[in-house]
Amino acid sequence: MEQYTRDQLIEWDKKHFLHPTSSIKQQQSQGASFVFTEGKGIYLKDLDGRTVIDGMSSLWNVNIGHGRKELADAAHEQMTKLAYSSAFSTFSHEPAILLSKKMSSIAPGNLSTVFFTSGGSESNDSAIKLIRHYWRLKGKPERKKIISRKKAYHGVTSNATSATGIPEFWEVAGSLDQQILHADVPNCEYLDHKPPERGGTCECGERIRQLIEAEGPETIAAFLIEPIQGAGGLIFPSDGYMEQVRAICSEYEIILIADEVITGFGRTGKMFGMENWGIVPDVMTIAKGITSGYIPLGGVVLSEKIHKKMMELSTGTLFHGFTYSGHPTACAVALKNIEIIEQEGLIENSKTMGEHLLTGFESLAQKFDIVTKTRAKGLLGAFDLMPNGNQGENFPPELQVAVNVVAEAAEKGLICRSVTYDGVNTVVLAPPLTINESQIGDIIQILEDSITAVRLKLGI
Ligand SMILES: Cc1ncc(COP(=O)(O)O)c(C=O)c1O
């Protein structure tokens, strides 16, 4: 093994490693803020010996926490037996078959057939292609349009970038698929109209109907939604929205695709996010938590009805497949990961600990008038920072309030995430599902200390 110093590593990182979703300039001027070397449970350790709480489960994906030997053993066992073989055409192997069957048993309703990918972007890209193909097979090639939503994040491959509703991501793509449209965010309060009475009609849902009617329902292939919009600022749907979306999609025969890349595998206190509303989508995209990030894997889960129709109508080869679709080692790790989630009651823990997290956010809102809009479902939580509390007003962008709070928290031993699209300062948390109450207490204490420090520093 090559010998090197800490400073050499930092220099090589700058020179040779173009970081994903990063500021190239900042990376060059400041270097990596952390070079992580180890992980155990909810904690990460870096090259300088600092230990921090991984309050984001890294990229909302390390659901069962770091350092789980069982997953390493599952990979080792599978790699020693059959590390890789193809699943193209008529070839198959045990791990992919067993994982597809397992997915069919844990997915809501009759979602029963999986097309595997290596991550969330590939899953959304594949879902869009497969559904457009489905409509072509059904003799309706004009059903091409995909409705996504503003502030949605669906990844960075071609279709996924077009479906993403955050304009910053569009610039890199250069050109976008004009057949992918963006409806409003799913939250009435966010759109500045009154929240509906419980069970009442939500205006956001009505706006989708208007968009469909304006575009022509017979031109729309699918509606693609995150159950809770993650990277766009943790936007929860208004009461009644999901039920309305399901009804509208069924009425116009539009395929409802749920992007469960973040919300899947226990994150929201249910196995899948849509279960919080009792809604069964027609297609579900998955990744991240399926292996807790130990190895790349994703997938598109199709309903039995769609799969059957495709079987009936297809004539030749389905020309869509990745070398690593159904990678045996990744599937073996996923099977072990799901077993751990189930056996250790991590979905229930996510629900209970999520309640503690929310209580902690509420205590911060009591202490600081700038903390507002506290929200959480399972271990997916956030709050906004606004002057004078919930007045709908934002801090001047140059203050970078959320960025400062997150930087301060990192100094104090907690990794969390800031989102500041459209001037709204949001702090997001999504710790591993194995977290306990005392560790939630540590998170809240660090946030309290960080907000105190930032108020002093910025004079807010
Ligand atoms: C909801 C959602 N969909 C898709 C993706 C893209 O997944 P990946 O980065 O694995 O391609 C992400 C990534 O954060 C996501 O949050």
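Residues numbered from 1 in each chain as written. Predicted model: local features only at pLDDT ≥ 70, side-chain atom pairs only at ≥ 80, totals over all residues. Heavy atoms only, no water.

**So, the site of the ligand**
Heads up, the rule is: By convention in these notes, a residue is near a molecule or strand provided one of its non-hydrogen atoms lies within 4 Å of it. Two N or O atoms count as a polar contact when they lie within 3.5 Å, although within protein this holds only if one can serve as hydrogen donor and the other as acceptor, and sequence-adjacent residues are included solely when both atoms are side-chain atoms. Working definition of accessibility: Shrake-Rupley area with a 1.4 Å probe, residue cover restricted to the visible protein chains. Classification used: nonpolar for Ala, Val, Leu, Ile, Met, Phe, Trp, Tyr, Cys and Pro, charged for Asp, Glu, Lys and Arg, polar for all others including Gly.
Every residue near the ligand is listed here: Gly119, Gly120, Ser121, Asn124, Tyr153, His154, Gly155, Glu226, Asp259, Val261, Ile262 and Lys288. The separation between a nitrogen atom of the ligand and a polar main-chain atom of Tyr153 is 3.4 Å. Contact between the ligand and Lys288: an oxygen atom at 2.9 Å from a side-chain N or O atom of the residue. Out of a free accessible area of 390 Å², the ligand has 81% covered by protein chains. For the shell around the ligand, a count of residues per class yields 3 nonpolar, 6 polar and 3 charged.

**Digging into unusual backbone geometry**
The phi angle of most residues is negative, glycine excepted, and most peptide bonds adopt the trans form. Our working rule: Helix numbering and strand numbering both begin at the N terminus, where a helix is a DSSP run of H or I of at least 4 residues and a strand a DSSP run of E of at least 2. Burial status follows relative accessibility: with a 1.4 Å probe on protein chains alone, a residue under 20% of its type maximum counts as buried, one over 50% as exposed, and anything between as partly exposed.
Its identity is not glycine, yet Lys288 carries a phi of approximately 35 degrees, on the positive side. Tracing the sequence through the fold places Lys288 in the loop between strand E9 (283-286) and strand E10 (298-303). Assessed through its relative accessible area of 24%, Lys288 is described here as partly exposed. Backbone geometry at Ser292 places phi at a positive 50 degrees, although glycine is not the residue there. Relative to the helices and strands, Ser292 is located in the loop between E9 and E10.

**What about the domain arrangement of the protein?**
Cut-off, in case you're wondering: Throughout the structure description, domain borders are defined by an automatic or database domain assignment. Residue contacts follow a heavy-atom distance rule, with two residues in contact if any of their heavy atoms lie within 4.5 Å. Note on definitions: salt bridges are taken to be side-chain nitrogens of Lys or Arg within 4 Å of carboxyl oxygens of Asp or Glu.
As assigned here, the protein comprises domain 1 (34-64 + 345-458) and domain 2 (69-343). Computed over C-alpha atoms, the centres of domain 1 and domain 2 are 27 Å apart. On the side of domain 2, 36 residues touch domain 1, which itself brings 31 residues to the contact. Linking domain 1 with domain 2 are 1 salt bridge. Between Asp422 and Lys151 there is a salt bridge; the shortest N-O distance is 3.1 Å. At the junction of domain 1 and domain 2, the tally comes to 20 residue pairs in polar contact (both at pLDDT 80 or more). Of all the secondary structure elements, the ones that give two or more residues to the side of domain 1 that touches domain 2 are helix H3 (57-60), helix H13 (346-367), strand E11 (371-377), strand E12 (380-385), strand E14 (417-419) and strand E15 (425-429).

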